[in-house]
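# Structural description and commentary
Each chain is listed here by its residues.
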Amino acid sequence: MAVRPIHTFPCRWQADIFLVPVITNPKRNYLIDAACRAIAEFDMKAQLPHLNGRTAHKHLFAISKEHPVAINCTQWWSMPTGLLARAIRLSYSEIQPEEYRPDEYDYLKFFHTLFREPNFLYPNLFSMPYLSSVHWLPESTASASTTAALTPPWAAGETRPILMLFLGAVNHGDILVRTRLSEMCGSYHNKSICTHARYDANKTLLLKRKATFCLEPPGDTPYRRSFTDDIALGCIPVLFNRMQNHAYSWMWDGWREASRVLVPRGPFLKGQIDLFALLSSIPDHFRRRMQANIAAHARKFQMSREDDPGDAVHMILQGAMRASQAIATTSIGLDRDLQ
């Protein structure tokens, strides 16, 4: 796989992917929106010297937020036209199935565009997870044994004294679910059954390594960095929305169902589901299978500190290449018209 910077590229036909960094600096929603408005009249095509009918599907645009935030980045991100309609788009979210209606997640009305058809607003859109707070060492320094270095330090099976862990505040995101989780957790009066604490990368993050199940209510959107930390630290995620479950295909397809627990939001809020009864009833052999699946694939959800053929960077590049090839297959016959 060859991925080269376009400004040093001697022959455009040799590249597999052209990574186009456009608005990589702003992180807040309003800053991204302001940046989109500022470059609305920018001639994107003129800045892409290798964009033509044979290479359009190899161009990759990415934003570090959920995709509707950049709705005002028209022509190249939302509602793209011509060659740019064949480019690949990558964000923390992706188009949801029609049956996932906003009224299931009433706090998400701002993100109504999540439910638009992809061929209208955001063609060729894929999702990647938020970056984890965990970054493994490369295998050359992690261990003299390649086998040991390819698996996380907890893969052999550590004691996990906490059954359920909820790291997060209750005053934002899906407040109804978060409040109920906090109240439920406190009602057990036993931190080995359920522990609730605010997220702190320096103080509480490593509690995930001591927990069997990590409770992941939606944040300001359904997509949380905490979920990525769960995978990196071997904690089985418990999700309360279908949106996050429908994401990260480049990393998660093939082992999704055997690596997470999906709790229906409505019945949970109505008090019809007791998480302690639900999670403690999972047979030991199935729980161990879930933990083994996470251990086998955890590298895909974190970015190692140095080159690591198997971490999130490589999974994104490989996914982009597959997507590019699929777009090229469906675009056969268009090259002559789009030159």
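Summary of the structure given here. These numbers come from a predicted model, not from an experiment.

### Remarks on the overall build of the protein chain
The number of helices and strands found in the protein chain is 12 helices and 9 strands. Put simply, the protein chain has 339 residues, and 51% of those count as buried. Summarising the internal contacts of the protein chain: among those between residues at least 6 apart in sequence, 72% fall at separations of at least 24. Carbon together with sulfur atoms contributes 53% to the accessible area of the protein chain, which is approximately 16,200 Å² in total.

### A closer look at unusual backbone geometry
Comment: phi is negative for the bulk of residues other than glycine, and the bulk of peptide bonds are trans. Phi at Asn124 takes a positive value of approximately 55°, unusual for a residue other than glycine. You can see Asn124 is positioned in the loop between strand 3 (88-91) and strand 4 (125-127). The class of Asn124 is partly exposed, set by a relative accessible area of 23%. The phi dihedral of His189 is positive, around 50°, even though this residue is not glycine. Structurally, the position occupied by His189 is in the loop between helix 4 (175-187) and strand 6 (194-197).

### Focus on empty space enclosed by the protein
All told, the structure shown has 1 cavity of 30 Å³ or more when counted by the stated rule. Of the pockets and cavities examined, the largest cavity occupies roughly 50 Å³. Lining of the largest cavity is provided by Met128, Pro129, Tyr130, Leu131, Ser132, Thr228, Met251, Phe301, Gln302, Met303, Ala312 and Ile316. Along the lines of polarity and charge, the residues of the lining of the largest cavity split into 9 nonpolar, 3 polar and no charged.

### Remarks on the sheet that holds strand 2 (residues 59-62)
Here 4 strands make up an open sheet; going across it, the order is 1-2-3-4 and the pairing parallel. Two strands bound the open sheet, and with one partner strand each, they are strand 1 (18-20) and strand 4. Across the sheet, the mean angle from the axis of one strand to that of its neighbour is 30°, orientation sign disregarded. Both strand 2 and strand 3 contribute to a ladder of 3 bridges, which runs parallel. What sits directly across from Phe61, in strand 3, is Arg89. Against the sheet, helix 11 (residues 312-330) touches strand 2, strand 3 and strand 4, its axis set at about 145° to strand 3.

### A word on the layout of surface pockets
Counted as a void, the largest pocket has a volume near 730 Å³. As for the largest pocket, its lining consists of 23 residues, of which Lys65, Tyr130, His172, Asp220 and Arg225 are closest to the centre. Ranked by residues supplied to the lining of the largest pocket, first place goes to helix 5 (residues 225-233) with 3 residues. Residue classes in the lining of the largest pocket are distributed as 6 nonpolar, 7 polar and 10 charged. In this model, the second largest pocket occupies a volume close to 560 Å³. Considering the residues around the second largest pocket, the lining is formed by 21 residues, among which Ala62, Leu90, Met128, Met303 and Ile316 are closest to the centre. Taken together, the elements giving at least two residues each to the lining of the second largest pocket come down to strand 1, strand 2 and helix 11.

Here is what the cut-offs are and how they apply
Numbers given to residues run from 1 along each chain, matching the order in which its sequence is written. Per-residue local features of the predicted model are confined to residues with pLDDT of at least 70, and side-chain atom pairs are confined, for both listing and counting, to 80 or more; whole-chain, interface and lining totals are unaffected and use all residues. To get the side-chain values, all heavy atoms of the structure are used, and hydrogens and water are removed first. The numbering of helices and of strands both runs from the N terminus, where a helix is a DSSP run of H or I of at least 4 residues and a strand a run of E of at least 2. For every residue, the accessible area (1.4 Å probe, protein chains only) is compared with the maximum for its type, and the residue is labelled buried under 20%, exposed over 50%, or partly exposed between those bounds. Between two residues, a contact is recorded if the distance between any of their heavy atoms is within 4.5 Å. Computed with the Shrake-Rupley method and a 1.4 Å probe, the accessible areas treat only the protein chains shown as cover for residues. Computed over the protein atoms alone on a 1 Å grid, cavities are sets of points where a 1.4 Å probe fits but cannot get out and pockets are open sets with protein on both sides within 12 Å along at least five of seven lines; a residue lines them when it has an atom within 4 Å of a point. Grid points are joined across faces, edges and corners, and a volume is the space filled by probe spheres set on the points. When residue character is reported, Ala, Val, Leu, Ile, Met, Phe, Trp, Tyr, Cys and Pro are called nonpolar, Asp, Glu, Lys and Arg charged, and the others, Gly included, polar. Paired strands are those between which DSSP finds at least two bridges. Axis lines are fitted through C-alpha atoms, for helices just across the contact stretch, and the angle between N-to-C directions can take any value from 0 to 180 degrees.

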